[in-house]
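# Examining the three-dimensional arrangement
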Amino acid sequence: MERVGGVAGGRSGGRRARHRVGTGRGPSAPVSRGRRRNVAKDGRGSGRRIAGRDSTGIFPAGLALAPLGWHQGRVNRVALAALFLTVCVVGAAWRWQGLGARPMHTDEAVQAVKLGDLLETGRYRYDPREYHGPTLYYLAAAWFRLLGIRQLERMDEIRLRLLPSFFGIALIAMTALWRPGLRRSGLLAAGMAVALNPFLVFYSRYFVQEMLLVAFTAATLGAIWRYVRWPSRGAAIAAGLGAGAMFATKETAVLTWAAAAIAGAVVLRMPLAENLRSMGRRRIVGDALASVASAAAVAVCFFSSWFTNWPGVRDAFAAFGHFAKRAGGQGHEKPFDYYLHLLFLWKAGPLGYWSQWPLLLAALPAAAAAVRRTNADPGARFFLLFSLALLAIYSLIPYKTPWLMATPIWGFCMLAGFGVQTVWNTTVFGRRWLRWVALLLLAAGAADAHRQNRWMAGRYRADPINPCVYSHTSTDLLNGVRLIDEAAGVAPAGRNEMIAVVAEEYWPLPWYLRAYPRVGYWSAVPDGLAPPAIVATNPSLAPDVERWIGSNYVPTLVGLRPTVGLMIYLRRDLWDAVLAHRGAALSP
């Protein structure tokens, strides 16, 4: 009698043999119908296990773990979970490295001051003209209350930036939502791409709405993907919750929806959607209504400031008119090919190119398969169309900033996972030697991402040579802030010393002066106000300010942003006290 995998393969023992060969379990362990179906679909059966190795496994099938009661499938699942957790930890390490080192961008400072007002007063009103949606403020307020912080003065850059970093880490974990379309190799490759991508790492350390929007997008599309494969009311509601959070985070969510609709219209024509076609119309309508209701509930809660500001719900739709006008540029106009240059041709002087070429190379096999094959993986085809459509939409809009690329880049990262998976499973002359190509590609991409992340988080964290840096605060401003702190330290009134900021451009100075209770801001020299001991202004207003304060002040010029400076004037007696304090600190 022929023996297969150590189990009798005759008629009387055939059923038991199939159980053992297909699952690695004993004859008494039943095999679920779903398990048999998955084995059949994946093309994995007794033939491959006879060879002694699971073709998609991580360890040899003959690994002796019988004393633990573990079968090969469980070993591979545990190994996969450990590797995927390692990827998440590496991504977290990059996102948490030196969180407080980079100066606060103007947008970060504005968001932080508004958050401080919410913490201190409990009031928030959505503004349809500025600042985007309310989710960032409410989630950050919950985070700081959890930390026991309720005053703007006690906030700091590290705790602020931890919140978007959490969403950046969650974005890595949500790669698993696309299982089993992403198999082991694809899941790990996509997770690595999201974890190490320089753009996603950089903006996961930015206290703005962008990373929240990308994470909510991933959650929404992942829930829709799972609903299409395994229709359920829970998945429909989860998709609605994610869509509502997207809308309450940033108005550009509608552009993401448009790109997803374009891609979805193509993918839903594929065999993947047979589950939906077999469902009754009543069930589909019921699930759609549940999804819309959950999305509306989330949006209403946030825009109404939790039922305390109902006009905010109306303003949520009025915002589209304001941002449609802003789409014309308003000083941020860029040519159509700006994003292509930013992603693939950004020259950083002697440092070489900072680009997404490794990501593009990893994504190409999946893109080619999606275009050429009628039976291409629907997930790969969706991410190809979604990412290209969203990139095209943003390129057509004159208003352009680098952080708007975060969502398209996430889509390309997911496509790269499908690309590595395509190469990993490709057989040439009966052998899968292309797996070495995939490993080399992953290693080269990880090395290049390490190079770029090290520069972006280090010396060039606020330098315009960095493609992610846009109209950023100069590190030189921190020298000006230290000068003001020194002056306050030796002033008779201490931090209660009056500070006058007479400038047209001064952000993020209110963030750095948040601990000073007597700071005033004017766009021109104030009438009837005696000059205080500390005055700050822009060089363009320096002549007017100097006529106001007289000649008894010592100026110091620091950089605020590229092409924008800040003059800090200290009254001479205070300047002399600062110098004396420095001298005393240097003396032995």
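Below you will find a few notes about this structure. (Residues numbered from 1 in each chain as written. Predicted model: local features only at pLDDT ≥ 70, side-chain atom pairs only at ≥ 80, totals over all residues. Heavy atoms only, no water.)

## Side note on the nonpolar core
- If you look at the biggest cluster of nonpolar residues, it comprises 151 residues, and the most contacted ones within it are Met 155, Phe 386 and Trp 410.
- Of the residues forming this core, the biggest block, 11 residues, is contributed by helix 19 (residues 406-424).
- Within the second largest apolar cluster, 10 residues are counted, among which are Ala 500, Val 502, Ala 542 and Tyr 553. (Core = buried A, V, L, I, M, F, W, Y, C linked by side-chain atoms within 4.5 Å. Buried < 20%, exposed > 50% of the residue type's maximum accessible area, 1.4 Å probe, protein only. Helix = DSSP H or I, 4+ residues; strand = E, 2+ residues; numbered from the N terminus.)

## Description of the pattern of salt bridges
- This model, assessed by the stated rule, comprises 12 salt bridges.
- Between Arg 233 and Asp 287 there is a salt bridge whose closest N-O contact spans 2.4 Å. Of this pair, Arg 233 sits in helix 11 (residues 233-249) while Asp 287 is found in helix 14 (residues 281-303), placing the two residues 54 residues apart along the sequence.
- You can call Asp 287 buried: its relative accessible area is 2%.
- Residue Arg 571 is joined to Asp 573 by a salt bridge in which the shortest nitrogen-to-oxygen separation is 2.9 Å.
- For Arg 571, a relative accessible area of 29% translates into the label partly exposed. (Salt bridge = Lys/Arg side-chain N within 4 Å of Asp/Glu carboxyl O.)

## Some details on unusual backbone geometry
- For the bond running from Arg 179 to Pro 180, omega is 0°, close enough to zero to count as cis.
- By the secondary structure assignment, Pro 180 is in the loop between helix 7 (157-173) and helix 8 (184-196).
- Following Trp 507, the chain continues to Pro 508 via a peptide bond in cis, the omega torsion being 10°.
- Positionally, Pro 508 belongs in the loop between strand 5 (499-502) and helix 22 (509-512).
- Located in the positive-phi region is Ser 305, a residue other than glycine, with phi close to 55°.
- Residue Ser 305 is classed as buried on the basis of its relative accessible area, which comes to 4%.

## What about a nonpolar patch on the surface?
- Where nonpolar side chains cluster on the molecular surface, the patch consists of Phe 429, Trp 433, Trp 436, Val 437 and Leu 439 and spans about 650 Å² of accessible area.
- Looking at the secondary structure, you find Trp 436 in helix 20 (residues 434-457).
- For Trp 436, a relative accessible area of 62% corresponds to the exposed category. (Patch = residues over 30% accessible without salt bridge, like charges linked within 9 Å, V, L, I, M, F, W, Y side chains within 5 Å. Areas by Shrake-Rupley, 256 points an atom, 1.4 Å probe, with all protein chains shown as cover.)

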